[in-house]
Amino acid sequence: MIHEEKDKRIQQFFLINRYPSEAMVAQIVDALSAGSAAITFESLRAAVPDIPVRKLQVALKMLDDAKLIKRKGSAITLLADADIQARAAEAVRQYELRAERDREILGAMVAYARSGQCRWRMLLDYFDDSPTWEHCDHCDSCELAKEAEALAEQMEQHAVIQTEADTPAPTAPAFRPGDRVGVRRYGAGLVEAVTRERVDIRFPDGSLRRFLPNYVRRLQHQRTTPPEKQAA
Ligand SMILES: [Zn+2]
């Protein structure tokens, strides 16, 4: 039952599509070839208002990587090419393949973390020298399993809050190393590292723990907090 929430979260993660479609890229290429000179990002954005800005940025990165555009400062120039649309479409397909591979790797990681098979145990079993213990607690698999458990526990707690509020997950606040933050049960600590999915927090006792951004709240810096607004 713990895993259900986790599955939902992971599925959501897989569903986030960062890549623009072939049709979007074709539209962008059209907009770029409409003018004879270079175009600024802002004018391009205005020319394709239906395309989310993030996807427009990714599309430009794709076109840039495929050497189909040239960027100088804020000016974007489409490089003349008879097969421009075909080459742009090919660039999109390459990105999709890459995204597919990313998802596969991530899926394999999750499956692996869940299997929780201790490497040492597997090795000793293989040599018919089965120990009395199931987990060594030190190999990468045991570490991953512990991490998966900790994340599952956090998600379960979070699920309760979610149900009460009945709102979609808020976008994770951006934390930076050195930020003073607080988490339930563990109290205050300092952010040591941040990725899209995790915040590593160092606590005063020296321990380092990993949290999902949604469970971390920012604490005021040493400044005194402003007085509460008086109720009118
Ligand atoms: Zn182990």
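Shown above is the structure to which this text applies.
The structure presented is a predicted model; accordingly, all values stated were derived computationally and were not measured. (Residues numbered from 1 in each chain as written. Predicted model: local features only at pLDDT ≥ 70, side-chain atom pairs only at ≥ 80, totals over all residues.)

Chemist: How do you make sense of the environment of Lys67 when you look at a structure like this?
Modeler: Locating Lys67 in the fold gives a position in the loop between helix H4 (53–65) and strand S2 (69–72). On the basis of neighbour count, Lys67 is assigned to the exposed category, with 11 C-beta atoms found within 10 Å. The sequence separation of Lys67 and Leu79 amounts to 12 residues, and the corresponding C-alpha distance is 7.8 Å. (Helix = DSSP H or I, 4+ residues; strand = E, 2+ residues; numbered from the N terminus. Buried ≥ 20, exposed ≤ 12 C-beta atoms within 10 Å, placed from the backbone.)

Chemist: I keep staring at the pairing of strand S6 (residues 199–202) and nothing clicks. Help me out?
Modeler: The side chains of a regular strand alternate, residue by residue, between the two faces of the sheet. Of the two faces of S6, the one holding Val199 and Ile201 is buried and the one holding Asp200 and Arg202 is not buried anywhere. Relative to S6, strand S5 (residues 187–194) is paired through four bridges, and the arrangement is antiparallel. Bridge pairing links Val194 to Val199 in S6. Here S6 folds back onto strand S7 (residues 208–211) in antiparallel fashion, the turn holding five residues, of which Gly206 has a positive phi close to 95°. (Pairing = 2+ DSSP bridges.)

Chemist: Sorry, what's going on with the nonpolar core here?
Modeler: Soluble globular proteins: nonpolar side chains tend toward being buried together. Formed by 21 residues in total, the largest nonpolar core has its most connected members in Ile28, Leu32 and Leu63. Mapped by element, the contributors of at least two residues to this core are helix H2 (22–34), H4, strand S3 (75–78) and helix H5 (84–115). Among all residues touching Leu63, those that are not within four sequence positions of it are Leu68, Ile69, Ala88 and Ala91. (Core = buried A, V, L, I, M, F, W, Y, C linked by C-beta atoms within 7 Å. Contact = placed C-beta atoms within 7 Å.)

Chemist: Just to check I follow, could you spell out H4 for this structure?
Modeler: Each α-helix turn comprises 3.6 residues. Residues three or four places apart therefore point the same way. For H4, spanning 13 residues, the distance from its first C-alpha to its last is 18 Å, which sits close to the expected 18 Å at 1.5 Å a residue. Here H4 has its buried residues at Leu56, Ala59, Leu60, Met62 and Leu63. Each buried residue of H4 sits inside an arc of 155° when the element is viewed along its axis, so together they form one side. Away from its buried face by more than 90 degrees, H4 exposes Arg54 and Asp65. (Expected span 1.5 Å × (residues − 1). Arc of directions from axis to C-beta.)

Chemist: Would you take a moment to explain the sheet that holds S2 for this structure?
Modeler: Backbone hydrogen bonds are what pair the strands of a sheet, in a parallel or an antiparallel way. With respect to topology, three strands assemble into an open sheet ordered S1-S3-S2, the strand pairing being antiparallel. Either end of the sheet is taken by a strand with one partner, and the two such strands are strand S1 (39–40) and S2. Two elements, S1 and S3, share two bridges in a ladder whose sense is antiparallel. From the neighbouring strand, Thr40 faces S3, where its bridge partner is Ala75. The strands touched by H2 are S1, S2 and S3; relative to S3, the strand with the most contacts, the crossing angle is about 100°. (Axes fitted to C-alpha atoms, helices over the stretch in contact; angles between N-to-C directions.)

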